[in-house]
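# Notes for the structure review
Listed here are the chains, written in short residue letters.
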Amino acid sequence: MTDPARGPGSLPRRLAAVGLGGSLQRKLIWQFLAAAALAAVTLFLAIRVTADRAAEAAQDSVLAAATLALSEGLLAEDDELDLDLPPTVLSMLSAMGEDQVFYRVVLQGRTVTGYENLALPAAIPTGGEPVFYKTSLNGTPVRAASLTRTILFDGAQTDVQFALAQTRHGQAAIADAIARRAGFLGIGFFVLAVPMSLLAARAILGPIGQVADGVSRRGPQDLRPVAERVPPELAPFIAALNGFIRRLRLAHSRTETFIAEAAHHIRTPLSAIRAEAEVALHEAGDDNIRTRLRRVIRSAEECSRSASQLMDHALVMSRSDREVRGPVELGALLDGLIASMRPTADLRELSLRWRRPDEPVVVLGDRLLLETALRNILDNAIKYSNPDDAIDLLLEVSGREASVSVLDRGRGIAKADLASLAPRFQRGENVRDIVGSGLGLTMVTEVSDSHDGRFRLEPREGGGTCAHFSLPLA
Ligand SMILES: Nc1ncnc2c1ncn2[C@@H]1O[C@H](COP(=O)(O)OP(=O)(O)O)[C@@H](O)[C@H]1O
Ligand SMILES: [Mg+2]
């Protein structure tokens with residue numbers, strides 16, 4: 001498969017040709033990538049914040065339990081206080097890592113034991129519930145919990161405030177490890193998003209490319225409306241394109257009608273010129289004048305033939321893009337065509353030999369156009385043959401194809417000419433005195449193209465020319 005973004009007729013190139021510089025695909029990719037980058041950063045931040053909170057919550061619950069255990073280690077006897085630091089306090093806290101632990105016990109505003117410079121929370125905790133806060137001790141940030149416990153001291157109910165703090169290296173290490181993973185996850189997500197954005201941009205622009213390919217593959221005369229199925233977003237674009245094609249078709253058909261009418265108008269006075277010249281030739285005695293009159297007749301004939309060819313050409317051009325298709329039996333069509341051309345062949349003493357299969361050969365097409373094409377092929381064979389020659393016509397079926405071959409023993413075509421005879425008014429080197437317009441093969445090629453057929457001229461072994469015209473069977 002060719003890369004649609006790089007092929008010679010690729011969409012970006014075509015867009016560039018109309019001045020948009022391939023921006024649509026680039027814009028889409030950039031937008032997808034920007035969205036992916038935003039999503040990756042959001043993912044990273046969300047994981048990071050959640051990880052921080054989770055680590056803090058884990059530390060808080062350990063601190064809460066440890067502070068409670070610490071408070072239970074305080075024993076009061078009369079006016080003596082004794083803090084017996086339970087071993088569970090340190091073992092619990094060491095679970096978070098190699099963090100330092102500090103505590104402080106305050107009774108009636110006085111530090112009984114522990115670090116005097118360990119700050120207490122702004123509000124005194126009540127109800128035995130711990131209060132958590134962040135502070136720093138000797139410049140090191142710590143997380144701390146504090147709770148108040150009421151004890152019987154010196155014969156009275158007295159509040160004792162406990163504070164327990166722990167450095168946050170363990171928590172920070174866990175949060176960092178998770179953040180690193182989140183970072184890799186974000187980068188991985190973005191890296192995956194790059195090919196995905198390319199694919200998505202191509203998938204979105206694909207239908208435009210398909211329509212463009214379909215339209216650009218058409219022949220120059222193919223003015224059928226675009227019928228490709230497209231997403232609804234492209235429907236206005238297709239409607240506008242089809243509206244334009246309709247207008248173009250109308251203009252085109254007006255031009256062809258004008259050419260046909262003009263040719264028709266020319267033919268009538270030409271016939272008059274010819275008739276008058278023939279009468280004058282009959283009556284003229286002077287040889288010089290007779291020669292000139294013969295030239296006039298010949299030119300009028302040539303002109304009239306060209307006008308007929310112009311009319312046929314206009315007909316072919318205006319009908320080839322119209323879907324006037326129906327089953328056409330080629331055997332019967334050729335029978336009629338040969339019968340109508342036999343007098344011309346007889347005039348040049350040519351014999352027409354014709355072979356066809358017994359069963360009908362049916363193709364799908366425009367009968368009038370197929371007849372015009374085959375008439376032009378046969379007309380050429382007759383025109384370019386030498387008197388007394390034989391022309392062979394063959395109708396054959398091979399596979400899913402019907403082919404008509406017209407073989408003559410005429411003057412043949414130079415190899416250099418073979419490839420260049422299809423354009424309008426193009427005639428070969430071999431024409432010499434033969435009257436013609438150079439429109440015949442143009443019509444044949446046009447009809448063949450509009451019927452998905454093939455047309456080929458080639459030199460015939462032993463002299464002459466073979467013309468092959470094939471069409472898919474119905
Ligand atoms: N059967 C043939 N034998 C020799 N030359 C041919 C034959 N068919 C076509 N050609 C060459 O192809 C040219 C183009 O054919 P066509 O378009 O029908 O124009 P025209 O017949 O009016 O000259 C002719 O001028 C002629 O040179
Ligand atoms: Mg011709």
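Residues numbered from 1 in each chain as written. Chains lettered and ligands numbered in written order. Predicted model: local features only at pLDDT ≥ 70, side-chain atom pairs only at ≥ 80, totals over all residues. Heavy atoms only, no water.

Here the focus is the overall build of the protein chain. Of the regular secondary structure elements, the protein chain holds 10 helices and 14 strands. The C-alpha radius of gyration of the protein chain comes to 49 Å, more than 25% above the 23 Å expected for a compact globule of 474 residues. Overall, the C-alpha framework of the protein chain stretches about 165 × 45 × 35 Å when taken along its three principal axes. Per-residue burial for the protein chain yields a buried fraction of 40% across its 474 residues. Of all intrachain contacts in the protein chain linking residues separated by at least 6 positions in sequence, the fraction that spans at least 24 positions is 64%. Here the protein chain displays about 26700 Å² of accessible surface, and carbon together with sulfur accounts for 58% of that area. (Helix = DSSP H or I, 4+ residues; strand = E, 2+ residues; numbered from the N terminus. Rg over C-alpha atoms; globule rule 2.2 N^0.38 Å. Buried < 20%, exposed > 50% of the residue type's maximum accessible area, 1.4 Å probe, protein only. Contact = heavy atoms within 4.5 Å. Areas by Shrake-Rupley, 256 points an atom, 1.4 Å probe, with all protein chains shown as cover.)

Counted under the stated rule, the structure contains two aromatic pairs. Consider the rings of F102 and Y115, whose centres lie 5.0 Å apart with planes at 90 degrees: the pair is edge-to-face. Placement of F102 in strand β3 (residues 101–107) and of Y115 in the loop between β4 (110–114) and β5 (131–137) is noted, with a sequence separation of 13 residues between them. Relative to F469, the ring of F455 lies with its centre 6.5 Å away and its plane at 55 degrees, an arrangement referred to as tilted. Placement of the pair is F455 in strand β13 (residues 454–459) and F469 in strand β14 (residues 465–472), with a sequence separation of 14 residues. (Phe/Tyr/Trp six-rings, centres within 6.5 Å; stacked < 30°, edge-to-face > 60°.)

Further remarks concern the pattern of salt bridges. Pairing between side chains becomes possible if they bear opposite charge and their charged atoms approach one another. Taken as a whole and assessed by the stated rule, the structure comprises 16 salt bridges. Among the salt bridges present, the one from R48 reaches D52, with a minimum N-O distance of 4.0 Å. Here the residue R48 and the residue D52 both occupy positions in helix α2 (residues 23–72), the gap between them amounting to four residues, near one helical turn. When its relative accessible area of 29% is taken as the criterion, D52 is described as partly exposed. D392 is the salt-bridge partner of R460, the closest N and O atoms lying 3.8 Å from each other. (Salt bridge = Lys/Arg side-chain N within 4 Å of Asp/Glu carboxyl O.)

Quick look at the environment of V279 now. Examined against the element boundaries, V279 turns out to sit in helix α5 (residues 235–283). Accessibility expressed as a relative area gives 43% for V279, which makes it partly exposed. Counting along the chain gives 90 residues from V279 to L369, while the straight-line C-alpha distance between them is 37 Å.

Take a nonpolar patch on the surface next. Taken together, the side chains of L43, L185 and F189 define a hydrophobic patch exposed on the protein surface, amounting to about 250 Å² of accessible area. Tracing the chain through its elements places L185 in helix α4 (residues 169–216). You can call L185 partly exposed: its relative accessible area is 47%. (Patch = residues over 30% accessible without salt bridge, like charges linked within 9 Å, V, L, I, M, F, W, Y side chains within 5 Å.)

In this model, E349 sits at a positive phi of 55 degrees, which is unusual for a non-glycine residue. For E349, a relative accessible area of 52% corresponds to the exposed category. Its identity as a non-glycine residue notwithstanding, R432 has a phi of 45 degrees, on the positive side. Judged by relative accessible area, which is 63%, R432 ranks as exposed.

On to the confidence of the model for the protein chain, then. Residues at a pLDDT of 70 or more form 95% of the protein chain, whose mean pLDDT is 89. Mean pLDDT per element in the protein chain: helix α1 (residues 11–17) is the minimum at 48, and strand β12 (residues 401–408) is the maximum at 98. Here residues 1–9 scores under 50 on pLDDT; set against residues more than four positions off or in separate chains, the count is 14 contacts. Taken together, the stretch residues 15–20 has pLDDT below 50 and engages in six contacts with residues farther than four places along the chain or on a different chain. (pLDDT = per-residue confidence, 0-100.)

Before going further, it helps to spend a moment on the site of ligand 1. Taken together, 20 residues are adjacent to ligand 1, and Y384, R427, N430, S437 and L441 come closest. A distance of 2.9 Å separates an oxygen atom of ligand 1 from a polar atom in the side chain of K383. A distance of 2.8 Å is found between a nitrogen atom of ligand 1 and a side-chain nitrogen or oxygen belonging to D408. Relative to its free-state accessible area of 530 Å², ligand 1 is covered by the protein chains to the extent of 98%. (Near = heavy atom within 4 Å. Polar contact = N/O pair within 3.5 Å; in protein donor to acceptor, adjacent residues only side chain to side chain.)

This part takes up the packing of helix α6 (residues 287–319) against helix α10 (residues 440–450). Packing of α6 against α10 brings their axes to within 10 Å, and their N-to-C directions diverge by 15 degrees. Judged by the inter-axis angle, α6 sits roughly parallel to α10. Where α6 crosses over α10, the two elements pack in a sense that is left-handed. The residues of α10 that touch α6, namely those facing Q309, D312, H313, V316 and M317, are G440, T442, M443, E446 and V447. In terms of residue class, the contact of α6 with α10 is built from four nonpolar, four polar and two charged. (Axes fitted to C-alpha atoms, helices over the stretch in contact; angles between N-to-C directions. Parallel < 35°, antiparallel > 145°, perpendicular 65-115°, else oblique. Left-handed = near helix turned anticlockwise from the far one by under 90°. Nonpolar A, V, L, I, M, F, W, Y, C, P; charged D, E, K, R; others polar.)

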